[in-house]
Each structure stands twice: as C-alpha cells, then as structure tokens.
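# Examining the three-dimensional arrangement
Single-letter residue listing:
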Amino acid sequence: RDSFWSLVGVYDKVASENIFNQWASTQTDKGAIGTIITPAMGSKEAKDNEATLEFLWYALINNKRYGTPIPKDKVKKAFEYCINEFDPDRDGICRAEFALGQNDVVYYPGKTSDLSVNQGMFAISLKVAQDLGMPVTDEYIEKAKQEYRNFYDNEQGYLIDNKSYKYLQYCLEFHLL
C-alpha cells in the first residue's frame, strides 16, 4: 500500500503502471489485492484491509493521469470483492475485520462498523467504482456518505474515530461533510 501512496504523489507513468500491474498480479480468486509485496517473497498477505479499495483508486488515477487502459476484469473482480466483503447486504454501512488504513493490525472478529475511516474509505471507493464503470447507483453512494456523516458528533464538534471511543477524533474528510 505504501507504493500506492508513493506513486500517486509523483508523476511517473512507467513506475505507476508497473507497480499497478504488480498489484494486479496478486489478486486472489476472491478478488482481494495483496497487501504486502516483497521482491524476495512475493505476495504474502491478502486480507480485508484497504489495499483492494486503493487498487480501484489506482486504476482510476492511472487512467485519468496517463490514459492507462482500465483492466476491466481485474477491476470488476476487485469491486465485487469489496462489496461482498464490506457491505454484502448493500445498506451502505461498511463492516470489516480490520481498519481500512495503516492501523490494520487490530483485528475485529465478526467485523465492525464502528470505524469512521472504514466508512469514509468505502464511500469514496463507491464513487471511484462508479467512475470506473461499475454498477453503483448515486443512491447507494449517498447512503454510504450519509453513514460517514453520521460519525460527526455535533455536541463535540468533530468526527468520531471509533463509536466505541467517542472522545477520539478522526480527520479523514474527503469533503463528504
């Protein structure tokens, strides 16, 4: 995932496309994208963290920036994985076993919908998926955005990081509020 953040910060078409293709090569049968890719060992981990969401973002960024063709089959499989893994009942609420961010070492058995970062990442990813041509309605995106807005605590005046710990704030805005 670090490679994604590193390469979207620079404008290097060859490096960006090569790393994207390396990510694509890690896709599991379920559609998940590998989280860790090391030169010596290859992909050692694919789990329900944000790597597959970022893969969708990466496809769109490369397409918009460099005209890179979108690998429709890989993108469709990744999108379906994200929906089936994070919102199988299609209510717009993201549920995951891990944080969809760099703090994905905390495990939530049975999944959690208490993390604002997860909801924000999911809402953004639905819009990205729509822009990639996936079957995502505006209404579905709005449901996910509203669920993200629900993390805002009017009394405290900030976005709650975790519903279990309402005194913690989070600053993933993405202009959804």
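Everything numeric in this text was worked out from a predicted model, so none of it was measured.

Turning to the packing of aromatic side chains, a few remarks are in order. For the coordinates displayed, the defined rule picks out six aromatic pairs. Ring plane angle 80 degrees and centroid distance 5.7 Å describe the contact between Trp 23 and Tyr 58, whose orientation is recorded as edge-to-face. Within this pair, whereas Trp 23 is found in helix H2 (residues 13-24), its partner Tyr 58 is found in helix H3 (residues 51-66), the two being separated by 35 residues in sequence. Within the aromatic cluster, the residues linked to one another by ring pairs are Phe 20, Trp 23, Phe 55 and Tyr 58. Arg 65 extends its terminal NZ or CZ atom over the ring of Tyr 11, reaching a point 4.0 Å from the ring centre. The positively charged end of Lys 163 is found above the aromatic ring belonging to Phe 151, 4.7 Å away from the centroid.

Put simply, the protein has an average pLDDT of 86, and 84% of its residues get 70 or more. Low pLDDT, under 50, characterises residues 171-177; the stretch is placed with 16 contacts to residues that sit more than four places away or in other chains.

This paragraph deals with the state of the cysteines. Applying the stated rule across the entire model yields zero disulfides. Looking at Cys 82, it has no disulfide partner, and the nearest cysteine sulfur is the one in Cys 94, 9.0 Å off. The class for Cys 82 is buried, based on a relative accessible area of 3%. For Cys 94, a relative accessible area of 1% translates into the label buried.

All right, on to H2 then. The end-to-end C-alpha distance of H2 is 16 Å, a good match for the 16 Å that twelve residues give at a rise of 1.5 Å each. Regarding H2, the residues found buried are Ser 16, Glu 17, Phe 20, Trp 23 and Ala 24. Down the axis of H2, the smallest arc covering the buried residues is 120 degrees, so these residues share one side. Looking at where H2 begins, the residue whose side-chain oxygen comes 3.3 Å from the main-chain nitrogen of Val 14 is Asp 12.

Turning our eyes to something else, we now look at the pairing of strand S4 (residues 158-162). Within S4, five of the five residues are buried, which leaves it mostly tucked inside the rest of the structure. As paired strands, strand S3 (residues 152-153) and S4 are joined by two bridges and run antiparallel to one another. Within S4, the position partnered with Asp 153 by the bridge is Tyr 158. From the end of S3 to the start of S4, which pair antiparallel, there are four residues, and Gly 157 there has a positive phi angle of about 85 degrees.

Another aspect to go through is the pattern of salt bridges. Throughout the structure, instances matching the rule amount to eight salt bridges. Close ionic contact of Lys 76 with Glu 80 constitutes a salt bridge, the shortest N to O distance being 2.7 Å. With Lys 76 and Glu 80 both in helix H4 (residues 72-86), this residue pair falls four residues apart, about one helical turn. On the basis of relative accessibility, which here comes to 43%, the residue Lys 76 falls in the partly exposed class. Residue classification places Glu 80 among the partly exposed residues on the basis of a relative accessible area of 34%.

Attention now moves to the packing of H3 against H4. Their axes nearest at 9 Å, the elements H3 and H4 cross at an angle of 145 degrees. In this structure, the crossing between H3 and H4 has a hand that is left-handed. Contacts between H3 and H4 involve Thr 52, Leu 53, Phe 55, Leu 56 and Ala 59 from the first element and Lys 74, Val 75, Ala 78, Phe 79, Tyr 81, Cys 82 and Phe 86 from the second. Here the contact of H3 with H4 is composed, by residue class, of ten nonpolar, one polar and one charged.

Interaxial distance between H2 and H3 falls to 11 Å at its minimum, and their mutual angle equals 145 degrees. Handedness of the H2/H3 crossing: left-handed. Only Ala 51, Glu 54, Phe 55, Tyr 58, Ala 59, Asn 62 and Tyr 66 of H3 make contact with H2, whose side of the interface consists of Lys 13, Ser 16, Glu 17, Ile 19, Phe 20, Trp 23 and Ala 24. Residues of the contact of H2 with H3, tallied by class, amount to nine nonpolar, two polar and three charged.

Analysis parameters
Residues numbered from 1 in each chain as written. Predicted model: local features only at pLDDT ≥ 70, side-chain atom pairs only at ≥ 80, totals over all residues. Heavy atoms only, no water. Phe/Tyr/Trp six-rings, centres within 6.5 Å; stacked < 30°, edge-to-face > 60°. Helix = DSSP H or I, 4+ residues; strand = E, 2+ residues; numbered from the N terminus. Lys NZ or Arg CZ within 6 Å of the ring centre and 35° of its normal. pLDDT = per-residue confidence, 0-100. Contact = heavy atoms within 4.5 Å. Disulfide = S-S within 2.5 Å. Buried < 20%, exposed > 50% of the residue type's maximum accessible area, 1.4 Å probe, protein only. Expected span 1.5 Å × (residues − 1). Arc of directions from axis to C-beta. Polar contact = N/O pair within 3.5 Å; in protein donor to acceptor, adjacent residues only side chain to side chain. Pairing = 2+ DSSP bridges. Salt bridge = Lys/Arg side-chain N within 4 Å of Asp/Glu carboxyl O. Axes fitted to C-alpha atoms, helices over the stretch in contact; angles between N-to-C directions. Left-handed = near helix turned anticlockwise from the far one by under 90°. Nonpolar A, V, L, I, M, F, W, Y, C, P; charged D, E, K, R; others polar.

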